[in-house]
There are 2 protein chains.
Amino acid sequence: MFTGMSLRLHYRPGTASMAPHAALAEIGVEYELVEVVRDDAGTIPADYLALNPSGRVPTLEDGALVVTESAAILLHLGDRYPDAHLVPDVGTAERTELYRSLLNQTNTLQPALMRVMYPERYGEAGVREAAVADAQEQVARIDGQLANRLWLVGTERTAADLFLFMLTRWGRHLDPPAWDRPNIRAHFVRTLALPGVGRMMDEQGLERPPFAVA
Amino acid sequence: MFTGMSLRLHYRPGTASMAPHAALAEIGVEYELVEVVRDDAGTIPADYLALNPSGRVPTLEDGALVVTESAAILLHLGDRYPDAHLVPDVGTAERTELYRSLLNQTNTLQPALMRVMYPERYGEAGVREAAVADAQEQVARIDGQLANRLWLVGTERTAADLFLFMLTRWGRHLDPPAWDRPNIRAHFVRTLALPGVGRMMDEQGLERPPFAVA
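I will try to describe carefully the structure that is included in this document. Along each chain, numbering runs from 1 in the same order as the chain's sequence is written. Chains and ligands are labelled sequentially in the order written, the chains with letters from A and the ligands with numbers from 1. At least 70 in pLDDT is required for a residue's local features to be given in this predicted model, at least 80 for side-chain atom pairs to be given and counted, and no such filter applies to totals for whole chains, interfaces and linings, which use all residues. The side-chain numbers reported here are obtained from all heavy atoms of the structure, hydrogens and water having been left aside.

### Remarks on the overall build of chain A
Every helix listed is a DSSP run of H or I at least four residues long, and every strand listed is a run of E at least two residues long, numbered separately from the N terminus. Helix and strand counts for chain A stand at 8 helices and 4 strands. The linear arrangement of helices and strands in chain A, starting from the amino end, is β-α-β-α-β-β-α-α-α-α-α-α. Its C-alpha atoms give chain A a radius of gyration of 17 Å, within 12% of the compact-globule value 17 Å for 214 residues. When the backbone C-alpha atoms are referred to their principal axes, chain A occupies close to 45 × 45 × 35 Å. Relative accessibility thresholds used throughout: buried, under 20% of the residue-type maximum; exposed, over 50%; partly exposed, between the two (1.4 Å probe, protein chains only). For chain A, the proportion of its 214 residues judged to be buried stands at 57%. Partitioning the contacts of chain A with sequence separation of at least 6, the portion at a separation of at least 24 is 63%. With the model as given, the accessible surface of chain A reaches about 9000 Å², and the carbon-plus-sulfur share is 51%. Separation of charge centres in chain A, based on 20 positive and 28 negative side chains, amounts to 3 Å. Here the radius of gyration uses the C-alpha set of atoms, whereas the globule reference equals 2.2 Å times the residue count to the power 0.38. The contact criterion used throughout is that any non-hydrogen atoms of two residues lie within 4.5 Å. Surface accessibility in these figures is a Shrake-Rupley result with a 1.4 Å probe; residues are shielded only by whichever protein chains are displayed. Charged residues are defined here as Lys and Arg on the positive side and Asp and Glu on the negative side; His and the ends of the chain fall outside this count. To locate a charge, the coordinates of NZ of Lys, CZ of Arg, CG of Asp or CD of Glu are taken.

Laid out in structure tokens, this is it:
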């Protein structure tokens, strides 16, 4: 069914585009990047809205197939390029662990960080404090999970690690920042060392934190 | 790898347990239900916390495998029982659509409804208003998506429909309630008519809305 000949990722630097972008680069397939730039009035280009009416990034065009939602793009790419081992095979316990890790991140830490970064979207002043407490609790939990393992699922890096890398970077808005937790910092540095992740950082023009600069 | 001989769902009526519960019943496999009951002081039983330290429901025990996150349990069960067609086969466009639909729901409408129902968890008074506006926008979008189709993905009911059924029910807290939208109401009634969904409603002791009582 995958008749598409081309992969095109619509992105904005540093957003939820990071994980799918890193996945493309980890796979090592050819892809095209299209930055979604608002005009001076903040308007999203009409051709992007035609593709994704919500205006949110990322969107992946895989031939004629349009895929939105960062984690859905990861699962799609994982299935499409099994040799890259971004998602474990269907029918294994690791596959189930991947679902659990990815859904847990999109369901707990990600929305908490969105509230930390954009409290004005969620009501009034108290939201940020509640969100910070919520996010720090999730960050502590994930730091604990990583105490005795290199990667979130199994013994290899998977899509779940690319997603966490992105959330860890967003967590620099916390005080202390997420990457000040020892195991999360080690995971961040380890993930940044993946060729595809380094390439994504360069292509999006994102700065590495001081502790991760060689 | 699936060595487990037994399926056990830990649930509380009306919560995010609904969709995985309905999936088990749609599959038609034998399962055991364990209600997670807080004591008078609101404390969650220690044996449940041992299984799922967050204390949240649902948790599925599939033999020795412990699965949390409502949508992750749906994907797990879909992969495990392919004959039930809860998730399309890997490598099809429908599979990608399922990821997109499920992740979109967990990422947009679900967190908005959580803020509508539990604004005290997210800060102060203004949160509920912002959440209601957000939720109504998502509800309108989904109602539009359902204008010319029976199910969210492809031509059969999938895990995405079981998830939406649950969120539609949660959306009764909106004014107007989510199921007052014509296409969402038709989808709700259609989904409720699935044998497994009816069974889940009965087993959780959940009332049907007046428009859906025969």
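### Topic: the interface of chain A and chain B
Every contact between the two is made by 36 residues of chain A and, on the other side, 36 residues of chain B. Once two parts are put together, the accessible area they lose, assessed with a 1.4 Å probe and summed over both, is termed the buried area. Note on chain A versus chain B: buried area summed over both sides is about 3200 Å², and carbon and sulfur give 61% of it. Take a side-chain nitrogen of Lys or Arg and a carboxyl oxygen of Asp or Glu: if they are within 4 Å of each other, that pair is a salt bridge. One can count 0 salt bridges joining chain A with chain B. Elements that contribute at least two residues to the side of chain A that touches chain B include exactly β4 (65-68), α3 (70-80), α4 (93-117) and α5 (126-145) of chain A. In terms of residues, the side of chain A that touches chain B owes the most to one element, α4(A), which gives 13 residues. Asp, Glu, Lys and Arg are counted as charged, while Ala, Val, Leu, Ile, Met, Phe, Trp, Tyr, Cys and Pro are counted as nonpolar; the rest, among them Gly, fall into the polar class. Residue composition of the side of chain A that touches chain B, by class: 15 nonpolar, 12 polar and 9 charged.

### Looking at the relation of the copies chain A and chain B
Between the two chain copies there is a screw-like relation: a rotation about an axis and a shift along it. Mapping chain A onto chain B leaves a residual RMSD of 0.0 Å; the transformation is a rotation of 180° accompanied by 0.0 Å of translation along its axis. Both chain copies can therefore be described as sitting about a two-fold axis. For the least-squares superposition of copies, only C-alpha atoms count, and only for residues with pLDDT at least 70 in both.

### Some remarks on α5(A)
Helices are assigned an expected span. That span is 1.5 Å times one less than the residue count. Helix length check: α5(A) (20 residues) gives 29 Å between terminal C-alpha atoms against 28 Å at 1.5 Å per residue, within 8%. If you follow the buried residues of α5(A), they end up packed against α4, α6 (159-170) and α7 (182-192) of chain A together with α5 (126-145) of chain B.

### Quick notes on the sheet that holds strand β3 (residues 59-62) of chain B
All names here are of chain B. Paired strands, as defined in this entry, are two strands with at least two bridges between them according to DSSP. Strand order in the open sheet formed by 4 strands is β2-β1-β3-β4, with mixed pairing between adjacent strands. Each of the sheet's edge strands pairs with one partner strand only, and the pair in question is β2 (32-35) and β4 (65-68). Averaged over all pairs of adjacent strands, the angle between strand axes in this sheet comes to 20°, irrespective of strand direction. Bridge analysis of strand β1 (residues 7-11) against β2 gives 4 bridges, and the strand direction is parallel. Within β2, the position partnered with His10 by the bridge is Val34. Here the axes come from fitting lines to C-alpha atoms, over the contacting stretch only for helices, and the angles between their N-to-C directions go from 0 to 180 degrees.

### A few points about the packing of aromatic side chains
Residues and elements named next belong to chain A. Centres within 6.5 Å are what make two rings of Phe, Tyr or Trp a pair, Trp counting through its six-membered ring; a difference in plane orientation under 30 degrees is then read as stacked, over 60 as edge-to-face, and the rest as tilted. Considering all chains together, one arrives at 8 aromatic pairs over all chains under this definition. Consider the rings of Trp179 and Phe211, whose centres lie 5.4 Å apart with planes at 75°: the pair is edge-to-face. Here Phe211 lies in the segment after α8 (195-203) and Trp179 lies in the loop between α6 and α7, a separation of 32 residues in the sequence. Here Trp179 falls in the buried class, since its relative accessible area comes to 11%.

### Notes on the pattern of salt bridges
Residue and element names in this part refer to chain A. What the rule picks out here adds up to 22 salt bridges over all chains. The salt bridge involving Arg157 is made with Glu26; its shortest N-O contact spans 2.7 Å. Taken together, the positions of Arg157 in the loop between α5 and α6 and Glu26 in helix α1 (residues 18-27) put the pair 131 residues apart, joining distant regions of the chain. Here Asp134 and Arg115 are joined by a salt bridge, their closest N and O atoms 2.6 Å apart. You can see Asp134 sitting in helix α5 and its partner Arg115 sitting in helix α4, a full 19 residues away along the chain. Relative accessible area serves as the criterion here: at 22%, Asp134 is assigned to the partly exposed category. Judged by relative accessible area, which is 4%, Arg115 ranks as buried. Here the salt bridges do not stand alone but share partners, grouping Arg8, Glu32 and Glu61 into one network.

### A short note on the nonpolar core
Counting 130 residues, the largest nonpolar core has Leu77(A) and Leu77(B) as the members making the most contacts within it. If we skip the residues at most four places from it in the chain, Leu77(B) touches Leu7(B), Pro20(B), Ala23(B), Leu24(B), Ile27(B) and Leu60(B). Among the nonpolar cores identified, the runner-up in size contains 5 residues, and Val36(B), Tyr48(B), Leu51(B) and Val57(B) belong to it. By convention a nonpolar core is built from buried Ala, Val, Leu, Ile, Met, Phe, Trp, Tyr and Cys residues, the set being connected through side-chain atoms within 4.5 Å.

### Describing the sheet that holds strand β1 (residues 7-11) of chain A
All names here are of chain A. The strand order across the open sheet built from 4 strands is β2-β1-β3-β4, with neighbouring strands paired in mixed fashion. Because the sheet does not close on itself, it has two edges, and the strands there are β2 (32-35) and β4. Within this sheet the neighbouring strands show an average axis-to-axis angle of 20°, counted without direction.

### What to know about the packing of helix α3 (residues 70-80) of chain B against helix α6 (residues 159-170) of chain B
Residues and elements named next belong to chain B. Between α3 and α6, the shortest axis-to-axis distance is 10 Å and the interhelical angle comes to 150°. Viewed along their axes, α3 and α6 adopt a mutual orientation that is roughly antiparallel. The crossing of α3 and α6 is right-handed. Residues Ser70, Ala71 and Leu74 of α3 form the contact with α6, whose participating residues are Ala159, Phe163 and Met166. In terms of residue class, the contact of α3 with α6 is built from 5 nonpolar, 1 polar and no charged. Geometric relationships in this document are graded by angle, where less than 35 degrees denotes roughly parallel, more than 145 denotes roughly antiparallel, 65 to 115 denotes roughly perpendicular, and other angles denote oblique. By convention, the crossing between two helices is left-handed when the near helix turns anticlockwise from the far helix through less than a right angle, and right-handed when the turn is clockwise.

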